[in-house]
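What follows is each chain in one-letter form.
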Amino acid sequence: MNIERMRTDVAEALAEVADEPAAFADDDNLIDLGLDSIRLMSLATRWRAAGLEAGYLDLALDPTVAAWSNLLEEKR
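First, a word on scope: everything that follows refers to the structure included in this document. (Residues numbered from 1 in each chain as written. Predicted model: local features only at pLDDT ≥ 70, side-chain atom pairs only at ≥ 80, totals over all residues. Heavy atoms only, no water.)

Looking only at helices and strands, the chain has 4 helices and 0 strands in total. When the helices and strands of the chain are listed from N to C terminus, the series reads α-α-α-α. Relative to its length of 76 residues, the chain is compact, with a C-alpha radius of gyration of 11 Å against a globular reference of 11 Å. Counting only C-alpha atoms, the chain reaches 35 × 20 × 20 Å along its principal axes. For the chain, the residues scored as buried account for 30% of the 76 residues in total. Of the contacts made within the chain by residues no fewer than 6 positions apart, 51% connect residues no fewer than 24 positions apart. For the chain, the accessible surface area stands at approximately 4,500 Å², while carbon and sulfur atoms represent 48% of it. Charge centroids of the chain, computed over 7 positive and 16 negative side chains, lie 8 Å from each other. (Helix = DSSP H or I, 4+ residues; strand = E, 2+ residues; numbered from the N terminus. Rg over C-alpha atoms; globule rule 2.2 N^0.38 Å. Buried < 20%, exposed > 50% of the residue type's maximum accessible area, 1.4 Å probe, protein only. Contact = heavy atoms within 4.5 Å. Areas by Shrake-Rupley, 256 points an atom, 1.4 Å probe, with all protein chains shown as cover. Lys, Arg positive; Asp, Glu negative; His and termini not counted. Charge placed at Lys NZ, Arg CZ, Asp CG, Glu CD.)

The N-to-C vectors of helix α1 (residues 3-15) and helix α4 (residues 65-75) enclose an angle of 140°; their axes lie 10 Å apart at closest approach. Classified by the interaxial angle, the pair formed by α1 and α4 is oblique. You can see that α1 and α4 cross each other, and the crossing is right-handed. Each of I3, M6, R7 and V10 in α1 lies in contact with α4, whose residues at this interface are V65, W68, S69 and L72. (Axes fitted to C-alpha atoms, helices over the stretch in contact; angles between N-to-C directions. Parallel < 35°, antiparallel > 145°, perpendicular 65-115°, else oblique. Left-handed = near helix turned anticlockwise from the far one by under 90°.)

Structurally, the α-helix is built with 3.6 residues per turn, so residues lying three or four positions apart point the same way. Those residues of α4 that fall on the buried side of the exposure criterion are V65, A67, W68, S69, L71 and L72. In this structure, the buried residues of α4 make contact with α1, α2 (37-49) and α3 (56-61).

Its 13 residues place the ends of α1 18 Å apart at the C-alpha level, agreeing with the 18 Å of an ideal helix rising 1.5 Å per residue. Every buried residue of α1 is listed here: M6, D9, V10, A13 and L14. Seen end-on, α1 carries its buried residues on one side only, within an arc spanning 135°. Next to the buried residues of α1 lie α2 and α4. One side-chain oxygen of the residue at the start of α1 lies 3.0 Å from the amide nitrogen of E4, identifying that residue as N2. (Expected span 1.5 Å × (residues − 1). Arc of directions from axis to C-beta. Polar contact = N/O pair within 3.5 Å; in protein donor to acceptor, adjacent residues only side chain to side chain.)

This is the structure in structure tokens:
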């Protein structure tokens, strides 16, 4: 699990909710960009299976790739 995979997975999730998903920065609030709770839970489940020991609530508290990358580093 790494930040590049996070970015790819988030881009895929955003593409599911927008006709043309906007590019996003690591510090953009992904909820504001259209990431909903169902897709956030899906990401949490996928990443937990890949070894990220963070759950839905961890991700929802600060919904940015930058914060999630920090979680990844903290949980290693």
